[in-house]
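# Descriptive structure summary
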Amino acid sequence: MKRIAARASSGLAPVFASLTPATCAVDASTGVVRTVGAGTCTISIAQPGDGTTWAAATTLTRSLTITKASVKITTRAYVGTTLLPNPAKVAYKKTVTIRGSMTKLLAGKYVYVWQRIGTGSWTRLTSRRVDAYGRVSYGYIVTRADVSFRFSWSGNPNTTAATGTTIRIYRK
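Residues numbered from 1 in each chain as written. Predicted model: local features only at pLDDT ≥ 70, side-chain atom pairs only at ≥ 80, totals over all residues. Heavy atoms only, no water.

### Notes on the overall build of the protein chain
For clarity, the cut-off: Helix and strand definitions here come from DSSP, where helices need a minimum of 4 consecutive H or I residues and strands a minimum of 2 consecutive E residues; each element is numbered from the N-terminal end. Computation of the radius of gyration draws on C-alpha atoms, with the globule rule given as 2.2 Å multiplied by the number of residues to the power 0.38. Only protein chains enter the calculation, and the probe is 1.4 Å; a residue is then buried if its accessible area is under 20% of its type maximum, exposed if over 50%, and partly exposed in between. The contact rule is simple, with two residues in contact once any of their heavy atoms fall within 4.5 Å. Per-residue and other accessible areas follow the Shrake-Rupley method at a 1.4 Å probe size, with only the shown protein chains counted as cover for residues. His is not counted here, nor are the chain ends, while Lys and Arg score as positive and Asp and Glu score as negative. Taken as the charge location is NZ of Lys, CZ of Arg, CG of Asp or CD of Glu.
Looking only at helices and strands, the protein chain has zero helices and 16 strands in total. For 172 residues, the compact-globule formula gives about 16 Å, and the C-alpha radius of gyration of the protein chain, at 25 Å, lies well above that figure. When its C-alpha atoms are laid out on the principal axes, the protein chain stretches across 85 × 30 × 20 Å. Burial analysis of the protein chain (172 residues in total) assigns 31% to the buried set. Pairs at least 24 apart in sequence give 55% of the contacts found in the protein chain among residues at least 6 apart. As presented, the protein chain carries roughly 10300 Å² of accessible surface, and 52% of it is formed by carbon and sulfur atoms. Computed over 24 positive and 4 negative side-chain charges, the separation of the two mean positions in the protein chain equals 18 Å.

This is the structure in structure tokens:
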């Protein structure tokens with residue numbers, strides 16, 4: 001949120017309005033602007049006069065560009081609380097937790113979990129909900145000799161799409 005300010009020589013309060021509600025909203029009396037989506041935000045500033053001493057002022061418009069937030073997904077693998085190197089060698093039937101961390105803007109949204117066996121093609125396994133801290137996790141029991149994981153986000157009107165770093169796990 002950002003506050004915009006205007007002052008009339010009459011001392012009368014200006015009135016703010018968003019002309020692009022799909023991009024931004026503005027509090028009419030305080031001028032506090034809240035972004036809704038990426039694009040051009042156009043705000044009108046009016047001072048309607050007081051009906052006796054002061055006439056209405058010419059309405060002004062101001063525009064600003066709101067860009068999509070860039071999303072980066074960092075992926076790590078753990079056995080219990082131990083961070084694994086990448087690539088990692090893990091014993092057969094051990095449980096590995098694949099964790100992704102990203103911007104809190106994705107809290108409550110779903111990201112995809114992808115898997116690749118050896119050097120084959122990536123396959124989307126499932127989706128996981130991002131928590132309030134921008135974290136997501138997926139559990140895997142090591143059975144394959146060579147498997148890789150990553151998370152991805154498809155983007156939305158406010159954020160860019162992103163694919164996380166790849167974690168590769170070899171069976172010991």
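### A word on the packing of aromatic side chains
Under the convention used in this document: Each Phe, Tyr or Trp ring (for Trp, its six-membered ring) is paired with any other whose centre lies within 6.5 Å, and the angle between the two planes then decides the class: stacked below 30 degrees, edge-to-face above 60, tilted in between. The rule is short: NZ of Lys or CZ of Arg within 6 Å of the ring centre and within 35 degrees of the ring normal puts a charge over the ring.
Following the criterion strictly, the structure yields three aromatic pairs and no others. Note on Y138 and F149: the rings are 5.9 Å apart at their centroids and 45 degrees apart in plane angle, and the pair reads as tilted. Separated by 11 residues along the polypeptide, Y138 in strand β13 (residues 135-141) and F149 in strand β14 (residues 146-153) bring together distant segments of the chain. For the pair formed by Y138 and F149, the shared burial category is buried. An aromatic cluster is present here, built from Y138, Y140 and F149 joined pairwise through their rings. Between the NZ or CZ atom of R99 and the centre of the ring of Y78, over which it lies, the distance is 4.3 Å. Against the face of Y112 rests R124, its NZ or CZ located 4.0 Å from the ring centre.

### Considering the sheet that holds strand β8 (residues 82-83)
Cut-off, in case you're wondering: Two strands are counted as paired when DSSP detects at least two bridges linking them.
The strand order across the open sheet built from four strands is β8-β7-β10-β13, with neighbouring strands paired in antiparallel fashion. Every interior strand has two partners, whereas the edge strands, β8 and β13, have only one. Note: strand β10 (residues 95-101) against β13, seven bridges, orientation antiparallel. Pairing of S101 across the sheet is with R135, part of β13.

### As for the pattern of salt bridges
For clarity, the threshold we go by: Here, a salt bridge means any Lys or Arg side-chain nitrogen found within 4 Å of an Asp or Glu carboxyl oxygen.
Inspection of the entire model under this criterion finds two salt bridges. Among the ionic pairs, R135 bridges to D131, the shortest N-O distance being 3.1 Å. Take D131: its relative accessible area is 26%, and that puts it in the partly exposed class. D146 is the partner of R168 in a salt bridge, and the nearest nitrogen-oxygen pair spans 2.6 Å. Here R168 is found in strand β16 (residues 167-171), whereas its partner D146 is found in strand β14, with 22 residues between them in sequence. Residue classification places D146 among the buried positions, given a relative accessible area of 15%.

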